[in-house]
Amino acid sequence: MRVLVQKYGGTSVANLECMNKVREKVLISLDKGYKVIVVLSAMSGETNRLIDLARQWSHRPDPCEMDVLLATGEQTSVSLFAMLLKDCGVKARSLLGFQVPIQTDKSFGKARILDIDNERIEEILEKYDVLVVAGFQGCDCSQRITTLGRGGSDTSAVALAAAINAETCEIYTDVDGVYTTDPNICPQARKIKKIAYDEMLEMASMGAKVLQIRSVEFAKKYNVPIHVRSTFSDGPGTLVVQEDKSMEAAMVSGVAYDKDQARITLVGVYDEPGVAAKIFEPISRANIVVDMIVQNPSREGKTDMTFTVPKGNVEDTLNILKKAQADIGAQAILHDVDVAKVTVIGVGMRNHSGVAAIAFSALKNENINIMIISTSEIKISCLIEEKYTELAIRTLHEAFGLDQEAPRKEC
Ligand code: ADP
Ligand code: ASP
Ligand code: MG
């Protein structure tokens, strides 16, 4: 049995016309002799609508009930799409996360997939040619519905592909591949034919929402090739695969941005052992992800500590810090939500020097101030004022020559 996993995002299932396009793609794969597991997102805008609805009902929506609510978005798409397939005689059925089952931990709103019952899927696949699986959702060990975080349908698809050893996992979306930067922001962005898992991981974790980060982690761990392509055109997209020699030729292969960042500064905390732990342990216990961290040099036993958290976690973080304020000696707690992070990424950075200098001088030429810098082996991130995000992306994109055909060899 040859099985393909195809995931279609929100814009691909936005209405009947779009779903008919999806049906055409699925029918072509059936004609080629595949059985298909179709993973669907909620119709475009639906998840946001449900989140707004919950906020009207409750100032702090209960996380478990929030997941029950959000899962209805994907439930709607899979039922409607299964109807379309059945109407043209395809042996198809819909499956919700708990019916597969896609077993997750209990982190409501950002659950992690623990297990997928591949034998059961294979059993169901004996009877049907297409399984239409609701993305983004699973269930915990007490049969409570969980969701996998924004963009989580990508992860559902890759995890299913890994579980059943599918040949490839196709991610269909509204762009025809992974670009050197968001093509909706930078018209000069170029499509990348092949990208390494590690580069894609950095791109995704630095904000390129074309793939959810966990989907790339899964793909790398289980060696699932991902093919990102367009629902609305044919032709090849981008392959996300193991790194090979040809990929190191380019110094930088992409620029990503993340506007979901807020900066928090603790002014004048004690510079002594244990203070950082007192700050970050309770934040971590609250499941808040801290990203960039800088500590200034000490002055008379006091220092400033600056870090970033997602914008939606600012209120909770400030409450936690206020409780610890006296103990850590902070004179003031400041915050700023008008910030964004821009990142240049490339596995080639391992072998090229001077990347940071090029990035910093490009930003300087546009008079963009850098508030925080963080680096890894294959990326450099700068926190800047949010209003300069688009300008910074275009400037960095040009500075690294990403608008021109890359020197990297395709193989
Ligand atoms: P879907 O609803 O299909 O899951 P998403 O909106 O989650 O689609 O992801 C696709 C979007 O990702 C594109 O429309 C594009 O604006 C954005 N994007 C950001 N960075 C990139 C990039 N480097 N390459 C391609 N798309 C990107
Ligand atoms: N519907 C969810 C979201 O909008 C999951 C997804 O689309 O992947 O984030
Ligand atoms: Mg998405």
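Owing to the predicted nature of the structure, the values given are computational and were not obtained by experimental measurement.

Right, let's talk about the sheet that holds strand β13 (residues 254-270) for a bit. In any sheet, the strands associate via hydrogen bonds between backbone groups, in a parallel or an antiparallel arrangement. Judged by pairing direction, the sheet is antiparallel, and its six strands sit side by side in the order β14-β15-β13-β16-β18-β17 without closing on themselves. Lying at the two open borders of the sheet, with one neighbouring strand each, are β14 (293-295) and β17 (372-376). Looking at each pair of strands side by side, their axes are set apart by 25° on average, direction ignored. By the bridge criterion, seven bridges tie β13 to strand β15 (residues 302-309) in an arrangement that is antiparallel. The residue bridging Y270 from the neighbouring strand is K302, located in β15. The strands touched by helix α8 (residues 275-285) are β13, β14 and β15; relative to β15, the strand with the most contacts, the crossing angle is about 20°.

Glancing now at the sheet that holds strand β6 (residues 130-134). An order of β3-β6-β2-β1-β9-β11-β12-β10 is seen for the eight strands of this open sheet, with the pairing classed as mixed. What marks the edges here is a single partner per strand, and that holds for β3 (92-95) and β10 (194-196). Put simply, the sheet's adjacent strands are angled 20° from each other on average, direction ignored. In this sheet, strand β9 (residues 169-173) lies alongside strand β1 (residues 3-8) in parallel orientation, the contact comprising four bridges. By the bridge assignment, Y8 is partnered in β9 with Y172. In this fold helix α6 (residues 197-205) packs onto β10 and β12 (238-241), with an angle of close to 85° to the strand it touches most, β10.

Glancing now at the site of ligand 1. In the neighbourhood of ligand 1, 17 residues make up the surrounding shell, with T173, D174, Y179, D182 and N184 lying closest. Here N184 contributes a side-chain N or O atom positioned 2.7 Å from an oxygen atom of ligand 1. Here the shell around ligand 1 is built from residues that sort into seven nonpolar, six polar and four charged.

Before going further, it helps to spend a moment on the side chain of T155. Note on placement: T155 falls in helix α5 (residues 153-163). Judged by its relative accessible area of 3%, T155 falls in the buried class. Ignoring sequence-local partners within four residues, the contact set of T155 consists of I113, Q212, R214, S215 and F218.

Given 3.6 residues per turn, any residue in an α-helix points the same way as the ones three and four places further on. When helix α11 (residues 389-399) is considered as a whole, its buried residues turn out to be T389, A392, I393, T395, L396 and H397. Structurally, α11 contributes buried residues whose contacts are with β13, β16 (332-345), α10 (355-365) and β18 (379-385). Where α11 ends, the next residue or the one after it, G401, has phi of about 65°, a positive value.

Around ligand 2 lies a shell formed by S41, A42, T47, E74, F136, R150, G151, G152 and S153. The separation between an oxygen atom of ligand 2 and a polar side-chain atom of S41 is 3.0 Å. At 2.7 Å from a nitrogen atom of ligand 2 is found a side-chain nitrogen or oxygen belonging to E74. Burial of ligand 2 by the protein chains amounts to 86% of its free accessible area of 260 Å².

Reading guide: rules and limits
Residues numbered from 1 in each chain as written. Chains lettered and ligands numbered in written order. Predicted model: local features only at pLDDT ≥ 70, side-chain atom pairs only at ≥ 80, totals over all residues. Heavy atoms only, no water. Pairing = 2+ DSSP bridges. Helix = DSSP H or I, 4+ residues; strand = E, 2+ residues; numbered from the N terminus. Axes fitted to C-alpha atoms, helices over the stretch in contact; angles between N-to-C directions. Contact = heavy atoms within 4.5 Å. Near = heavy atom within 4 Å. Polar contact = N/O pair within 3.5 Å; in protein donor to acceptor, adjacent residues only side chain to side chain. Nonpolar A, V, L, I, M, F, W, Y, C, P; charged D, E, K, R; others polar. Buried < 20%, exposed > 50% of the residue type's maximum accessible area, 1.4 Å probe, protein only. Areas by Shrake-Rupley, 256 points an atom, 1.4 Å probe, with all protein chains shown as cover.

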